[in-house]
Structure formats: structure tokens, C-alpha cells
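This is what each chain is made of:
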Amino acid sequence: MTPLLSVQGITKRYGAHIGCADVSFDLYPGEVMGIVGESGSGKSTLLNCMAGHLIPDAGQVVFDTRTDGPRDTITMSEPERRMLGRTDWAFVHQHARDGLRMGVSAGGNVGERLMAVGERNYGDIRDKATDWLGRVEIDATRVDDRPTTFSGGMQQRLQIARNLVTGPRLVFMDEPTGGLDVSVQARLLDLLRGLVRDMGLSAIIVTHDLAVVRLLADRLMVMKSGRVVEAGLTDQVLDDPQHAYSQLLVSSVLQV
Amino acid sequence: MTEYNFAYLDEQTKRMIRRAILKGLAIPGYQVPFASREMPMPYGWGTGGVQVSAAVLTPSDTFKVIDQGADDTTNAVSIRTFFQRTAGVATTTATSDATVIQTRHRIPEEPLHEGQILVYQVPIPEPLRFLEPRESETRKMHSLEEYGLMHVKLYEDISRHGHIATSYAYPVKVEGRYVMDPSPIPKFDNAKLGDMAAIQLFGAGREQRIYALPPYTQVVSLDFEDHPFEASKADHLCGMCGANDSYLDELIIDDLGGRMFVCSDTDYCEARQAAGHKGKDAA
């Protein structure tokens, strides 16, 4: 089986400082990979390198494209990479404001990706937008409201709908539950888990919240100072951490 | 020094502007940056159009200026006088006699012919500006032909008003490639943009951009399959000349709700009246 995404030796330096160093892994279709680590451990740098937002200094990000099979997305031309970015890839930002157009209605936000890939029928676009709002539990009557009138949790769900409307195969998520209160987090996680399973999505989730990866991720990588210190099945890593840093991370979680 | 150089600008500046114009004509709809000069008028009064006119005028040209279709409003009169004094060219108000027509916000009703140049004054040349504030990003979107966002604007119009409510500066696609802002002309005029015999030049002074449409260029107004583009105008006849095919201005004539509709193109209206056509409000 060809991996959907194969990351080999990704290295990104900021001057003398290491962003992330020599990270390699394979992600198979339908798999959810969690990346955990403390602030500054290089997990967001790694995610941005994989999603094409940053250019790594070394390494390959090979994506199994629909038309041409496995291609290195770093050496691919920019129009092709941006095309991937609005069709097969999706990127969920930590702050919904970074991923949404705040001056455009919810329907327009969801419809943007459809129009970007050439959809030109208003009725169809609106029907799909309304359908997706329903799937992320936003009331269909809010379709013409701007995201500024939405709560934080709703904005985050809208961002997810906007990203998934074109049926991507790979979703990058940067702290998708950050900044939300716990009950809203729980609903969002529940929703994400459902969508990932229903659509057979592959996802890479960067977070510092171990509960998020426990619920969503099949596999886990623990990063520290830009390097992967431990990787394995989520339950294995969380229940029986081998590396000293992983042990520290797991034991730091507050038990209520 | 007692005299201005022909058409106010110095020859080097005019060469620089002509180079930008030629590049614009070679790539229809593409916004060519140019080093816009300070002109003796405020930004927003047509500094871009004036510079383009200065660069294309020759001593044998006949010059016409219209402002919202009219030859006799402040902007039109002052720019016409400006070139009368600095270039000494002949001026006219008759569309068919003019070789260079500088316009603000209208295309003349009378079809233009080959050999004429229509110069538009453009306030904001970037059609994506209010959707995407970053210039670096809009340039990238133009170069990669990523125009989905333009339809988001039209989508918003329909979702809010039930139809495409954008009525001026209606975005167009040129030769299937660049999305272009036709300057704030009413969308009624969009139909005249495409396949026009005259050269169309667009100058934005403050934004320092020139773009162009060579003669007989394909220009398509953006729309949705189920909400097609419609060139709309007020559903009346001209009160002065009775025309039913021209773009109309609505005038309030008293404080009792009285109003009349007249052609915004004064030359067209006067020519029709001289030919004996009479509207219902004509004296």
C-alpha cells in the first residue's frame, strides 16, 4: 500500500536555531497522526513545512496525488501546490480568524473553495454550504450571518466545514481545540472524530493536549527541541512512555 | 521658462508612460506598474487618466473629456482646458469627431470607431482589493489565475440582495485570462467593453497602474450560471430626447417628489434633440 503522505528527513532551521530536524514518517490513507510536544518543540514548524506554508531546508514531502501518483510537494510548482491546498488538502488553523474570511457570510466562507475550483452555479454552491453547516451542527438559518456574530466554537466548526467541503483527503490541524472551553472542546472532538471516520480522512493533528490525541489519533509522535523523541501507537506511547520526556509529558496531565 | 512642454509632461516621462501602455496592450487586462507623477490636480480627479492622455496626445489630435457622460461638468471642463492650454490641441464635445476621449465613469453611447482612443480614469485598479488586502497576495492570485474570490463577492451579493447588486465597477474577465476592474462605469456599459473598435486605456494615478484593452478584445462579465449578468439601466425614456437605449441619470426637480430621467451622455442627447427627437419633459 502506498502511503498517502511520506515525509523524509524534514529539516528547518531559523539561522543557527533548529526549527525541526530530520523528521521522517509515513501516513497511510485513513490514518490520523498526532504530533505532541511542548511550546517551541518544532511541531508547528513541521506542520507548516508539510502543508507548504514554509519551505524546509532539507527533506521531502511526498504526497500521493490523485492524477500523477506520489509527487514531492516541495519541488512541485507553486500553482500545483496551491491547487492541492484547495482540493486534496485542508488546513485548520488554531485561531478560526486566521482560516476564515470574517467579512464574508458563513455560506460564502464555505462556498469559497467550491468557487475556487470552478463551481459556478449559485444554487448548487448554496445547497452544499447549507448541507455542510448542518454537518458541523450550525443552524441553517445562520448561513447568511457573518462569522463575527458566531461564538468561538461555532467559528471553529465553520472553519472545519469550509475546509472539508471539497472532500479533501488530508487535513492538517494546528491545535484545533486550542482556546475553546472544555465542553465546547468535547463537542468539537466528537464532531471531528465522526467526520474523520465517515469520510475516511487522513489527518495530522498538532497539539499539546494529550486528551485530543488520545481521542483522535491512531499514532503519535512526541517532539522535543525540534526532534522526534518517541513515536508509536497512541495508546502504547501514552500508557507506556519510554523516553524520559514522554514520561514527563504524560505525568504532567492533571487528573481531576 | 514661459511655456509648458507639449501636453505638460516632459518627454522622458511620456516615454515611460508609453512603455507601460504598450506593455498593457500586449497583455490585455494586466496591471502594469508605472512611476506616476504629481499632477497639478488632486488624486481622485483623474491624475491617472490625465497622464495617459498626455502620453498619447499628438498635436493633430482632437480631444474630448467627459465626466459621468457629461462634457460640461467641473472635472470635464477643467481637464479639457488643461490640455487646451498645455498642448494646444483642438477640443470637441462631439464623440465622433474626437480622436482621444478621456472619460470618468462612462463609455459614450455612440459606438466608437477605429483610430479613436478611450482613456479611463481609474480610482482603484485592483478588482480583488476589498476582498484581499495584501498586494503581494493579489498579484500572486492574478499570476496563478486564482479568481474564486471574485465569485465570493458576487455570491455575497446574491445571498444578501437576491440578485447581483454590484451595479458599477463590475468585474470582467479579459480574453479568458485576467480579471479586470473596468473602472466605476455602470454595468450597463460593460456590454460595450468587449469587441470595441477603439483602443481602451486605463490609468490609475494614485495606485500607479496602467492597463489596457486593444481593439476587438473579448471581455466577459463574471456571473453565475443561474444568475446571469444583466446590463441594467433605469426603466424609462430620456425626458429630453426620448431615447430608450441610453444610460439615464435620475434628476430630482422639486421637493414634491418630482423627478426626471435624462441621458447621462450629454453629446448623445443633444445630437438627438438637434435631429428633432423630443422627450416628454422637453421644453
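Note that the structure is predicted; figures quoted are calculated from it, not measured.

**Student:** Got a minute to help me understand the overall build of chain A in this structure?
**Tutor:** Along its length, chain A carries 10 helices and 10 strands. Computed over the C-alpha atoms, the radius of gyration of chain A is 18 Å, within 12% of the 18 Å expected from 2.2 N^0.38 for a compact globule of 256 residues. Its C-alpha atoms give chain A principal-axis dimensions of about 55 × 50 × 35 Å. Across the 256 residues that make up chain A, the buried fraction comes to 52%. A separation threshold of at least 6 residues defines the contact pool for chain A, and within that pool the share at least 24 residues apart is 66%. Carbon together with sulfur atoms contributes 50% to the accessible area of chain A, which is approximately 11000 Å² in total.

**Student:** Could you clarify how one ought to interpret the pairing of strand β8 (residues 199-204) of chain B in this entry?
**Tutor:** Two faces, one strand: in a regular strand the side chains alternate between the faces of the sheet. All names here are of chain B. By the criterion of burial, β8 is predominantly enclosed, with five of the six residues buried. Pairing of strand β5 (residues 117-121) with β8 involves five bridges; the strand directions are parallel. Within β8, the residue paired with V119 across the bridge is L201. As consecutive antiparallel partners, β8 and strand β9 (residues 209-213) are separated by four residues, and within that stretch Q208 has a phi angle of approximately 55 degrees, a positive value.

**Student:** So what exactly am I meant to see when it comes to helix α4 (residues 106-116) of chain A here?
**Tutor:** A large share of α4(A) lies buried, amounting to 10 of its 11 residues. Within α4(A), the full set of buried residues consists of A:A106, A:G107, A:G108, A:N109, A:V110, A:G111, A:E112, A:R113, A:L114 and A:M115. Contacts from the buried residues of α4(A) go to α2 (78-86), β6 (89-92), α5 (122-135) and α6 (152-164) of chain A together with α5 (148-161) of chain B.

**Student:** Help me out: how do you make sense of the interface of chain A and chain B in this one?
**Tutor:** When the parts of a complex come together, some accessible area is lost, and that lost area is often taken as the interface size. Tallying the contact residues gives 22 residues for chain A and 21 residues for chain B. Of all residues in chain A, A:R82, A:R120 and A:Y122 give up the largest surface area on contact with chain B, accounting jointly for 39% of the area buried on that side. The interface formed by chain A and chain B holds five salt bridges in total. Two residues, B:E132 and A:R101, come together in a salt bridge whose shortest N-O distance is 3.8 Å. Of all the secondary-structure elements, those providing two or more residues to the side of chain A that touches chain B are α2, α4 and α5 of chain A. In terms of residue count, α4(A) provides more of the side of chain A that touches chain B than any other element does, five residues in total. Each residue belonging to the side of chain A that touches chain B can be placed in one class, and the counts come to seven nonpolar, six polar and nine charged.

**Student:** Can you help me understand a negative patch on the surface in this one?
**Tutor:** Where like charges cluster on the molecular surface, the negative patch consists of A:D124, A:D127, B:E225 and B:D226. Structurally, the position occupied by B:E225 is in the loop between β10 (219-221) and β11 (248-252).

**Student:** Which parts of the structure should I look at to understand the UniProt feature "domain: ABC transporter" (unreviewed entry) in chain A?
**Tutor:** The UniProt record marks residues 5-250 of chain A with the feature "domain: ABC transporter" (unreviewed entry), using the residue numbering of this structure. Strand forms 27% of residues 5-250 of chain A and helix 39%; the C-alpha atoms that close the span are 28 Å apart.

**Student:** Teacher, can you tell me more about the nonpolar core here?
**Tutor:** In a soluble, globular protein the nonpolar side chains are often hidden away together inside. Counting residues in each nonpolar core, the largest one holds 66 residues, and the members touching the most others are A:V110, A:W132, A:V136, A:L158, A:I160, A:V171 and B:F224. When near neighbours in sequence (up to four residues on either side) are disregarded, B:F224 contacts A:M115, A:R120, A:N121, A:Y122, A:I125, B:H151, B:L154, B:Y155 and B:I158. The next biggest cluster of nonpolar side chains, apart from the first, holds 30 residues, and it includes B:L9, B:V32, B:F83 and B:I210.

Cut-offs applied
- Residues numbered from 1 in each chain as written.
- Chains lettered and ligands numbered in written order.
- Predicted model: local features only at pLDDT ≥ 70, side-chain atom pairs only at ≥ 80, totals over all residues.
- Heavy atoms only, no water.
- Helix = DSSP H or I, 4+ residues; strand = E, 2+ residues; numbered from the N terminus.
- Rg over C-alpha atoms; globule rule 2.2 N^0.38 Å.
- Buried < 20%, exposed > 50% of the residue type's maximum accessible area, 1.4 Å probe, protein only.
- Contact = heavy atoms within 4.5 Å.
- Areas by Shrake-Rupley, 256 points an atom, 1.4 Å probe, with all protein chains shown as cover.
- Pairing = 2+ DSSP bridges.
- Buried area = accessible area lost by both parts, 1.4 Å probe.
- Salt bridge = Lys/Arg side-chain N within 4 Å of Asp/Glu carboxyl O.
- Nonpolar A, V, L, I, M, F, W, Y, C, P; charged D, E, K, R; others polar.
- Patch = residues over 30% accessible without salt bridge, like charges linked within 9 Å, V, L, I, M, F, W, Y side chains within 5 Å.
- Lys, Arg positive; Asp, Glu negative; His and termini not counted.
- Charge placed at Lys NZ, Arg CZ, Asp CG, Glu CD.
- UniProt positions renumbered as here; feature names shortened; annotations may be inferred.
- Core = buried A, V, L, I, M, F, W, Y, C linked by side-chain atoms within 4.5 Å.

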